[in-house]
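Listed below are the residues making up each chain.
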Amino acid sequence: MGNTVAVSVRVGGGDKTTTDDSCESDWEDGEYYFLDDYGNYVHQDDFLHYYATISEGRFGKNGTNARVLFKMDPRRDRLGQRPLHHDAGDNVCPNMVRGIDYLRDPRLNKGMAFTLEERQRLGIHGLLPPRFKSQEEQVRLCKENVARYSEDLNKHIYLVGLQDRNERLFYRLISENVQEMLPLVYTPTVGLACQKFGLIFRRPRGLFISIHDKGHVYEVLKNWPENDVRAVVVTDGERILGLGDLGAYGMGIPVGKLSLYTALAGIPPNYCLPILLDVGTNTQSLLDDPYYIGLNHKRITGPEYDEFIDEFMQAVVRKYGQNTLIQFEDFANQNAHRLLDKYRNKYCTFNDDIQGTASVVLAGVLASLKISKMKLIEHKFLFLGAGEAACGIADLIYQQMLKEGATSEQAASRIFLCNKNGLLSKNNPTETYTEEKILFLKDMPHMTNFAEMVEAIKPTAIFGAAAAKNAFTPAILNRMAELNERPIIFALSNPTSKAECTAEEAYDHTDGRAIFASGSPFPIYDKNGRHFEPGQGNNAYVFPGIALATITAGIHHISDNIFLLAAEELANLVSESDLKVGRLYPPLDDIKAVSMKIATKIVEDAYKNGYAFTYPEPKNKLDFIQEDLYDYHNRPSLCIQWNYPKSVTSFHDQ
């Protein structure tokens with residue numbers, strides 16, 4: 001067969017290396033698919049042809065770039081690429097809708113904004129009070145309704161109800177009032193909503209796929225009423241924010257994330273599918289809870305779990321296409337990194353807890369350099385926590401240092417992590433470290449006390465990502481202020497109740513010199529003649545724009561470079577007026593504009609560097625992105641009418 005080429009082939013669940021002389025015979029029955037340099041999947045029979053002739057342009061020199069996927073289900077519900085242009089409206093066929101559906105379907109319902117003509121011609125006249133309101137009036141009324149609730153959970157329930165009955169009004173309310181509404185539909189309130197999910201569950205939203213559906217995941221996906229899904233957010237509920245294993249109650253996270261896809265980036269809601277993979281829960285209080293809505297048994301793990309996730313990924317691709325974006329959310333530490341590594345080069349996927357969090361935190365760090373007047377490589381970063389978020393942030397900071405010219409050894413030496421057992425050290429023989437942590441191991445004495453680490457390392461920045469409330473004690477904050485003119489204090493854990501310190505504590509115990517950011521919002525600080533507006537390092541600054549760029553440009557694989565680009569662009573959007581009040585991020589009310597700029601930056605880079613697959617390349621990238629965004633303003637409910645020539649429409653008596 002010509003030149004001998006070593007190819008990695010997954011057979012029977014394991015990896016093996018074979019050559020051209022034995023390759024075909026070693027394959028199991030079934031079909032294998034290779035991924036070429038252009039993101040195309042090549043059947044084994046076609047690959048053997050290229051394999052024999054060694055097509056450098058397609059698989060690299062001597063075929064070394066060829067990657068065999070585990071046996072893929074070759075069936076697809078659609079051929080080729082999906083259409084670029086679409087109707088960014090309701091995706092509803094007019095001749096399939098009755099008049100009453102305009103009140104029952106949240107995509108169509110306008111409430112009292114239906115005109116008199118619409119009410120009469122649709123047959124819903126009399127079903128609404130004889131008053132007519134504009135959408136602007138409705139938004140004002142909704143804001144008043146939200147304000148009259150004293151508890152945030154009740155405000156959240158009201159907003160979910162609004163989304164269930166009048167979709168456009170909901171998205172307009174959120175989009176035009178981000179500062180006020182974002183904390184209610186997402187962090188921190190979504191954490192409490194997840195904990196109370198069994199009590200506040202009203203109407204199905206998203207798909208629940210259980211481990212007992214194994215072997216039939218595709219059939220469950222077929223029950224989703226939308227056929228053109230472009231983005232999936234999926235969780236198994238094992239690590240919801242800093243709250244732990246909430247099982248099926250974790251559905252609130254993908255629902256909330258995808259609401260922000262639409263509200264902050266204009267991705268049409270019918271493109272979005274939230275999914276909860278229910279494999280059980282290890283939280284005994286939920287297993288004992290009579291109102292718990294999920295599977296009532298301990299989590300299923302091991303090979304059966306992995307096979308279930310594999311089947312899910314393949315089913316999504318079969319149903320919606322290979323370039324469907326799949327965002328992993330709130331998987332536990334033992335699964336998050338390995339699933340990301342397993343799928344990132346085979347599917348269009350990313351993990352927001354690892355990569356999205358890292359991007360928004362790196363943006364805050366880059367913005368802080370404008371205040372500290374230091375270079376990135378001059379900082380020392382100490383992390384309280386070494387889970388998926390902390391490791392993701394550490395890795396992206398490391399990559400940014402490399403991008404700025406540092407060596408690998410120099411960059412890694414500036415980053416320190418600790419977990420519940422203490423500093424990640426080469427001198428701790430009792431602990432085995434996963435691959436993503438080995439790079440940051442230090443040849444230092446093993447320490448378990450965080451204050452001792454601060455004293456020994458003398459960091460310029462401390463990051464809290466361990467959901468350890470009050471871990472940044474007054475003594476630690478005071479010491480950081482003694483060590484640094486402008487200490488960087490990031491209390492990143494969510495929800496607010498899990499934050500390592502409050503903004504007030506950070507400012508009080510550093511004489512107002514702290515450069516502070518948090519994962520959840522804190523109130524404005526006005527004290528001792530100082531005014532600060534603490535910035536919230538919310539992932540919502542980056543993931544909607546990244547998703548929008550991925551969908552519009554047809555990006556097949558989401559590399560770490562995309563998250564570096566997003567961080568740099570977000571940091572560049574922080575103004576001097578933001579920095580003067582201690583805010584490391586743009587105001588939340590600007591977040592839609594931020595999403596557009598991040599998406600534009602990524603799309604420009606994708607076309608420049610050859611990883612955009614939507615053709616032809618548009619001349620104006622921003623216009624291209626904005627062309628088909630979701631419009632939350634009301635639209636006419638009556639079909640468009642037009643005239644024919646009278647000679648055609650007149651009756652001719654026989």
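Rules and cut-offs
- Residues numbered from 1 in each chain as written.
- Predicted model: local features only at pLDDT ≥ 70, side-chain atom pairs only at ≥ 80, totals over all residues.
- Heavy atoms only, no water.
- Buried < 20%, exposed > 50% of the residue type's maximum accessible area, 1.4 Å probe, protein only.
- Helix = DSSP H or I, 4+ residues; strand = E, 2+ residues; numbered from the N terminus.
- Pairing = 2+ DSSP bridges.
- Right-handed = clockwise from strand over helix to strand, strands pointing away.
- Expected span 1.5 Å × (residues − 1).
- Contact = heavy atoms within 4.5 Å.

### Things to note about the pairing of strand S9 (residues 325-328)
Burial along S9 is two-sided: Leu325 and Gln327 and Ile326 and Phe328, pointing in opposite directions, are all buried. Pairing geometry for strand S7 (residues 231-235) and S9, over four bridges, is parallel. By the bridge assignment, Val232 is partnered in S9 with Ile326. Here three bridges tie S9 to strand S10 (residues 349-351), and the two strands are oriented parallel to one another. Each residue of the ladder has a partner; that of Phe328, found in S10, is Asn351. Once the chain exits S9 it traverses helix H16 (residues 333-343) before rejoining the sheet at S10, and the crossover so formed is right-handed.

### A closer look at helix H6 (residues 135-147)
Under the 1.5 Å per step criterion, the end-to-end length of H6 is 18 Å for 13 residues, consistent within 8% with the ideal 18 Å. Turning to H6, the residues buried within the fold contact helix H7 (152-165), helix H8 (167-175) and helix H9 (178-185).

### Re the sheet that holds strand S15 (residues 488-491)
Pairing is mixed across the open sheet formed by seven strands, whose spatial order is S13-S12-S11-S14-S15-S16-S19. Only two strands of the sheet have a single neighbouring strand rather than two, namely strand S13 (422-423) and strand S19 (535-536). Judged from the two bridges that link them, strand S16 (residues 515-518) and S19 form a sheet pairing that is parallel. Bridge pairing in S19 places Ser518 opposite Gln536.

### So, the pairing of strand S8 (residues 272-278)
In terms of burial, S8 is a largely internal element, seven of the seven residues being buried. Burial of the side chains of S8 extends over both faces: Cys272, Pro274, Leu276 and Asp278 are buried on one face and Leu273, Ile275 and Leu277 on the other. Summarising the sheet, strand S6 (residues 207-210) and S8 pair through four bridges and their orientation is parallel. Bridging from a neighbouring strand, Leu207 pairs with Ile275 of S8. You can see the chain leave S7, run along helix H13 (residues 252-265) and come back into S8, and the turn it takes is right-handed.

Honestly, that's just the spatial picture; any functional story needs more than this.
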